[in-house]
Each structure stands twice: as C-alpha cells, then as structure tokens.
Amino acid sequence: MRVRPDILRTYQGVHTWTGIIAGLVLFIGFYAGSLTMFKYEIQQWAEPISVPVTDPKSTNYQALIDKAIEQYPAQMAAGFELDLLTSDAPLSWYTQGQARGMELDNQLQTAHLHEQQLVLNEQAEHKLADLIDYLHRTAGFIGEIGHDQSGVYILGIAAGLYFLALVSGVIILLPTLVKTFFALRKEKGPSRFWLDSHNLVGIASLPFHLIIAFTVVVFAFHDLIYGGLAQFYGDKPLFERTPPAAQAYNISELTPIDTQILAAKRYAPGYEPIHVSYNALSSTSPSALFKMSNKNAVSRGPDTDYLAINPYSLEVLYTSYPQGEDSFWGNFTASLFSLHFGTYGGDWGRWAYFIMGLFGAFLFYSGNLLWLDKRMKKDAHKTSTHVMAKLTIGVCLGSILAVVAVLLLAKWANLLIGNINHHYMLCYYLIFFISLAYSFKQGTNKASYNGLITLSILTACLPISSAIQGLSDLALLPYYNGYSVDFIALIFSAGFFFIAKRLKQKSVKDKIILDHKTIEFVR
Amino acid sequence: MTDVKNSRKEPTWLGKSLAGALLGLLLAFILMAFFAWYGPGGIDARDKVQFNMWMIPLLWLSIFSLTYLFNSSKQAWLILGGLNMVLYSLFYILRGGL
C-alpha cells in the first residue's frame, strides 16, 4: 500500500515522539499490569503460612453475625465485610480507615467463632495486592488529585499518546507490511532483528493494545468526560438515583444471611457469592455488595461480578451482570471492562493477559532501544541520547528490581512487623532510585548486566525463601499454597540470568543495540 | 528531524496535533451528543449514557490519530473546524441550547 511520503514522515515523527514520551511510564504500567492478574496469589504467597481457623463449608455465618451485632452494634452498623470462602476469620470491620482509597494505615478487626464464642483479632490490613495494583495504575507517581492518584491521570495521558503511537505505527508499516510481517531477520544485524520483533509483536497484539489504550483513557478521565457530556443532556440527569427510604433501618432487623444469599443467587443462576460488603446498615440507604463469581461467564469487574442489594428489603440496587435485551448499552460497556481486566477467559485468560502484558512491556522497551540505536548511528555524542539510554535501563530494570525486592521484603518482614505497608513503599522507591542512579553513574552497559544479574539472584531468592520458611516449620507446610508463584519466579530468574549472559557473550561487532557497550564504546 | 529540509512538503505535525487534540475532542462530543438524543433508543435508553461516555475518547483518539492524513494543518483546521461549526449550530437549533 502506498502512503504519501510526507504524511509517512509525519507519522514517523508522531510515532517516535509519542513512544519516547509515554514508553517508560507504560512499560511500568504493563509489566505491573501483568502482575495484577495474579496479585491475590502473590499476596497470599507473601503471607505467613497459617493454620485454618474455620471451614467455609461448615461456618455458621448467622451465629457469627448475630454475636458480633450483639457485642459490637455500632461498629457492625457502620459496615462490615463477610468472606464466604476463607478459612481464616470470615468477618471483619475497619477500626481505622476504610475500604476505599489507598490508605496504608488501615486496621482491621477480624472475628470468627470458636466454640460458640466470638474470637477477635486486631491486625493491619495487608496491602501488597493493592500496592501492585497501585503501581499498575499510577506507574509509581505519588500524589493525589481530587479522589484519584495523580499517576492515574499521567497514565491516562500516556495511554492517549500510546493510542496515537499505535495508529501511527500501523500507518508507517503499511507500505511494507505484507512483505515483512513474519520476517525476523537475524542476518541483517541485531537492530533489524529488534525492529522486526517490535513490529511483529505490535501488529499481532494490536487489538489488545488498542483496547487497553482507550480503556485507560476512559478509566482516568471518565469524570471529566461525563461532566462534558452533561452539557449536552440539558435538564436530563445523567444517572438516576435510587431514592433513600423514608425511615432509617435498624441493624437488629437485618434479614438472615441465608435469605440474602438466596436472594443474590436467585437473581441469576450460575453465580455464587464469595464476599459481601455491608455498608451504612443503620441509615436510610443501607447496602450489601455481593461479589458474585461465575467461572463460566464473562465478569465485568477486576475479579468478579457485583450485585448490590438492600439487605433489609432485598431489593436490587445495582448489578454488573449482563442484563436482558433492553440493556444492549449496559452490556456493551460492561464487556469493555472485562476486555481490559482480562476476566473473560477464566484462568487461561488470565495467563494470556499476563503474557500479553509482558509483550506490551517488551514493545515499549524495544521501541526505546530502536530509537536509541538510530540516534547513536546519527550522532553518538548527543547528550539527550545518552540520558535516554540511561533512563531506559534505569527505569525498566529499576522498577522490576524494586518490585522483586518488595516481594522478598514481604515474605520475610510479614513474620516480624505488624503493619508493613509503609515499608513496601519505602523499599520500592529506594531500590528504584538507587537503580536509576546506578545506571546514570556506571553507564548502561554495566548497569544492565549487573542489574540483570541482581534481578536474577533476587528472583531466585523468592522460592528459596519459601523453602526455608516452609522447612523451618514442617507442621505448617501442608497449608502452604504458594507453589505456583515459586515456580514462576524460578523460571523468571533463569530468564534474567540467560539474558545477562547473552549480553556478556556477544561479540563486539554484534553489539549494536541489545548490548549497550557500543554506546559506551563510541564515547 | 533532519531529512525535513530536502523534502517537498514539510511534515506539519504541530498544527495538526493541535487540531486533532482540540477540534477532535469537540467533534467527538457533538457526535455523541447527536447519538445520545437521536441515536437508537433516544435519550432515555437504559445505561446508554455509559456507552456515550465510552465512545467519546474512542472517537476523539481515532480522529486525533487520523488528523495527520490531512494535506496540511490549515486543511485540518478548516475541515474539522467547519464540521464542528455546522454540527454545533445544528444541535443548538434542534435542541434550543446546549
């Protein structure tokens, strides 16, 4: 296909600059996004092995709730959480903080029944899974704007640029696409090989990338867009609200939990409740938000579907379920959510999204390398090129190193420290900035080799830690369920080591891109 | 970009970018406004507002990324600006205000 040369050049410029501006931020967003696919497994892996205190099959939830309401009416009325699958304490409420927002100091009161007596435990809420999610949504930028993290807006803008980079990338490929799509030309030198694989990954996963780019823009800016859209709706309200009841409810009249669960199950067949969040139970607008899981259906939340009911009247307030024929629009947008969250294909879907996310990160990394290579060949002494090279290595490796260090910290410090969430943050930023500084001080060649070796060692320490902890208390070992995380960590450790070795072995004439020695060398 | 000098036509990405960003956004809003009122289901269709909101960034980014296909940034401004003028005026007449 022919595209006019000057337009092609414009698109080349657009592709280059949008990619360079947004690439590093998106790199973090993507690989952390891969991790979010398994964030609960990772958090569970990091928690100390514990003996189950309850059996979800035989727990008497009604007795538990009744006892808790009897002894702690005010706390329970404010709202509580009920986990229907856990073998730990199923009931909990916040004594400090709340579920919404990114708060690191939340304290939870957990409760379970032991021989008909309420057993209470106070503990800090463990936020490892949320922090992985936070890194995914903000790329680590701190600070808040309104009720959202500022990093969310930064990623929103980056995603907009990324959309432009995708379209422009496709357009500049069009003239040669048919000829070179499946070509991975090794013989023409590493830079050609990197370009080919950059293009192959980009084109092959284009639909995924377009969806991610545009949904991120929506996630970041939906409030503003609704605000704009409201201007065109005139006097029409955008959303209709359920009017509050005339009189406040009283928690002592709460419908039995089994009736509630039955009502939730009846709403649609095939969905099983796994968690309930109760809120404002002594007010005029109480709610019970059911997390409903159906392994055979597409889910529209990050993990499950939602069903909110009034726990007194059992009236349905809100649901994320696919609706009937009359709600084509709701169903359509709901599926866009699941296309971002990767929750439409069960566990295989999660693995596919995990891999696609890593490929996405590769796309940005290779894009940066290609840009660096081109600039190096043109003028090897330009400061900006060197700065970008160091940034690329420092940010990409630093961020991964920091996450692995946090996991390692989580594995060990959870045994010792009550509230570890602040240490996670400190550890992440410390390692990240040390890596960045190291890359600037020692140059990209040394930084990438040493960074990869360190990364390989740290990653290998994850399963080693599991083994040490597991073997130190054999009685608890049967309750350990983090084997898959350990296994994947081993594979990644080997992978990092392999890449590092390759960097070292390459003969000098091959060193154009993959190895940054040329950058140092030309200097 | 160094190869710009020897080219017949200069790539004009700044003017086009601005046109795509600003006029593209306005155009996306007005298109979805028409869709909201006069598209299938009308303004009262259940949950349609969510769809309308979702489509705005998609339209915007699509227009934005294709703006560079215009021959010049002047053409981009004229065509996108003209479309906006026509559609916003039409909406104003039909609905008696924004």
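Just so we're clear, the structure is a prediction, and the values are computed from it rather than from any experiment. (Residues numbered from 1 in each chain as written. Chains lettered and ligands numbered in written order. Predicted model: local features only at pLDDT ≥ 70, side-chain atom pairs only at ≥ 80, totals over all residues.)

### A short note on the overall build of chain B
Point 1. Broken down by element type, chain B carries three helices and zero strands.
Point 2. Starting at the N terminus and walking to the C terminus, you meet the elements of chain B as α-α-α.
Point 3. Per-residue burial over chain B gives 40% buried out of 98 residues.
Point 4. Relative to all contacts within chain B whose residues are 6 or more apart in sequence, the contacts with residues 24 or more apart total 77%. (Helix = DSSP H or I, 4+ residues; strand = E, 2+ residues; numbered from the N terminus. Buried ≥ 20, exposed ≤ 12 C-beta atoms within 10 Å, placed from the backbone. Contact = placed C-beta atoms within 7 Å.)

### Details of the overall build of chain A
Point 1. Helices and strands together make up the secondary structure of chain A, namely 16 helices and ten strands.
Point 2. What you see for chain A is a C-alpha radius of gyration of 26 Å, in line with the 24 Å of a compact globule of 523 residues.
Point 3. Along the longest, intermediate and shortest principal axes, the C-alpha atoms of chain A span 75 × 65 × 35 Å.
Point 4. Within chain A, buried positions represent 39% of all 523 residues.
Point 5. Residue pairs in contact within chain A that sit at least 24 positions apart in sequence constitute 66% of those at least 6 positions apart. (Rg over C-alpha atoms; globule rule 2.2 N^0.38 Å.)

### Section: the UniProt feature "transmembrane region" (unreviewed entry) in chain B
Residue and element names in this part refer to chain B.
Point 1. The sites that carry the UniProt feature "transmembrane region" (unreviewed entry) are, in the present numbering, residues 20-39, 51-70 and 76-94.
Point 2. Between the C-alpha atoms that bound residues 20-39 the distance is 25 Å, and the span itself is 95% helix and 0% strand.
Point 3. Here residues 76-94 runs as 100% helix and 0% strand, with 27 Å between its end C-alpha atoms. (UniProt positions renumbered as here; feature names shortened; annotations may be inferred.)

### What to know about the interface of chain B and chain A
Point 1. Facing the 33 residues of chain B at the interface are 33 residues of chain A.
Point 2. Listing elements by their share of the side of chain B that touches chain A, those giving two or more residues are helix 1 (13-38) and helix 2 (48-66) of chain B.
Point 3. In terms of residue count, the dominant contributor to the side of chain B that touches chain A is helix 2 of chain B (13 residues).
Point 4. Split by residue class, the side of chain B that touches chain A holds 21 nonpolar, six polar and six charged. (Nonpolar A, V, L, I, M, F, W, Y, C, P; charged D, E, K, R; others polar.)

### Examining unusual backbone geometry
All names here are of chain A.
Point 1. Its identity is not glycine, yet alanine 139 carries a phi of approximately 60°, on the positive side.
Point 2. For alanine 139, the location among the structural elements is in the loop between helix 5 (128-138) and strand 5 (144-145).
Point 3. Judged by the 22 C-beta atoms lying within 10 Å of it, alanine 139 falls in the buried class.
Point 4. Unusually for a residue other than glycine, leucine 314 sits at a positive phi of about 65°.
Point 5. Relative to the helices and strands, leucine 314 is located in the loop between strand 9 (305-309) and strand 10 (316-319).
Point 6. C-beta crowding within 10 Å serves as the criterion here: with 16 such atoms nearby, leucine 314 is assigned to the partly exposed category.

### A word on helix 5 of chain A
Residue and element names in this part refer to chain A.
Point 1. Taken across its eleven residues, helix 5 has nine buried, putting it largely inside the fold.
Point 2. Taken together, the buried positions of helix 5 are Leu128, Asp130, Leu131, Ile132, Tyr134, Leu135, His136, Arg137 and Thr138.
Point 3. Once helix 5 finishes, alanine 139 follows within two positions and takes phi at roughly 60°, a positive value.

### Examining the packing of helix 1 of chain B against helix 2 of chain B
Residue and element names in this part refer to chain B.
Point 1. Contact geometry of helix 1 with helix 2 gives a least axis separation of 8 Å together with a crossing angle of 150°. You can see that helix 1 and helix 2 cross each other, and the crossing is right-handed. From helix 1, Gly20, Ala21, Gly24, Leu25, Leu27, Ala28, Phe29, Leu31, Met32, Phe35 and Ala36 reach across to helix 2, where they touch Lys48, Asn52, Met55, Ile56, Leu59, Trp60, Ile63 and Phe64.
Point 2. Looking at the contact of helix 1 with helix 2 residue by residue, the class counts come to 15 nonpolar, three polar and one charged. (Axes fitted to C-alpha atoms, helices over the stretch in contact; angles between N-to-C directions. Left-handed = near helix turned anticlockwise from the far one by under 90°.)

### What to know about the domain arrangement of chain A
All names here are of chain A.
Point 1. Split into domains, chain A comes out as domain 1 (48-125) and domain 2 (379-523).
Point 2. Relative to domain 2, the C-alpha centre of domain 1 lies at a distance of 37 Å.
Point 3. Residue-level contacts link eight residues of domain 1 with nine residues of domain 2.
Point 4. Here the residues of the side of domain 1 that touches domain 2 are counted per class, giving six nonpolar, one polar and one charged. (Domains from an automatic or database assignment.)

### A closer look at helix 14 (residues 421-472) of chain A
Point 1. Over its 52 residues, helix 14 of chain A extends only 25 Å from the first C-alpha to the last, a length that falls short of the 76 Å expected when each residue adds 1.5 Å.
Point 2. Approximately 130° is the largest bend angle found in helix 14 of chain A, and it occurs at A:Gly443. (Expected span 1.5 Å × (residues − 1). Bend = angle between axes of the 7 residues up to and from the residue.)

### Some words on the sheet that holds strand 2 (residues 91-96) of chain A
Residue and element names in this part refer to chain A.
Point 1. Across the sheet, eight strands lie side by side as 4-3-2-1-7-8-9-10; this open sheet has antiparallel pairing. Each edge of the sheet is formed by a strand with only one pairing partner; in this case those strands are strand 4 (117-124) and strand 10. For this sheet the average axis-to-axis angle between neighbouring strands, irrespective of direction, equals 25°.
Point 2. Strand direction decides the pairing type here: strand 2 and strand 3 (residues 107-114), joined by five bridges, are antiparallel. Considered in strand 3, the bridge of glutamine 96 is made with glutamine 107.
Point 3. Sitting on the sheet, helix 3 (residues 61-71) is in contact with strand 1 (81-83), strand 2, strand 3 and strand 4, with an inclination near 125° to strand 3. (Pairing = 2+ DSSP bridges.)

### Looking at the nonpolar core
Residue and element names in this part refer to chain A.
Point 1. Within the largest apolar cluster, 116 residues are counted, with the highest numbers of intra-cluster contacts made by Phe27, Tyr162 and Val406.
Point 2. Sorting elements by how many residues they give to this core places helix 13 (residues 383-413) first, with 15 residues.
Point 3. Those residues in contact with valine 406 that sit more than four places away from it in its chain are Tyr424, Cys427 and Tyr428.
Point 4. Among the nonpolar cores identified, the runner-up in size contains 27 residues, and Trp93, Ala111, Leu113 and Leu281 belong to it. (Core = buried A, V, L, I, M, F, W, Y, C linked by C-beta atoms within 7 Å.)

### Digging into the confidence of the model for chain A
Point 1. For chain A, the average pLDDT comes to 84, and 91% of its residues sit at 70 or higher.
Point 2. Contacts for the low-pLDDT stretch residues 507-523 of chain A, under 50 throughout, to residues beyond four places or in other chains number 34 contacts. (pLDDT = per-residue confidence, 0-100.)

### Some remarks on the pairing of strand 7 (residues 272-279) of chain A
Residue and element names in this part refer to chain A.
Point 1. In this structure, strand 1 lies alongside strand 7, joined through three bridges in antiparallel fashion. Counterpart to glutamate 81 in the pairing with strand 7 is serine 277.
Point 2. In this structure, strand 7 lies alongside strand 8 (residues 287-293), joined through seven bridges in antiparallel fashion. Bridge assignment links proline 273 to a residue of strand 8, and that residue is methionine 292.

### Observations regarding the confidence of the model for chain B
Residues and elements named next belong to chain B.
Point 1. Per-residue pLDDT for chain B averages 86, and the proportion of residues at 70 or more is 87%.
Point 2. In this model residues 1-8 is a low-confidence stretch, pLDDT under 50, and it forms six contacts with partners more than four residues away in sequence or in other chains.
Point 3. Among the scores for the predicted complex, ipTM is 0.88 and pTM is 0.86.

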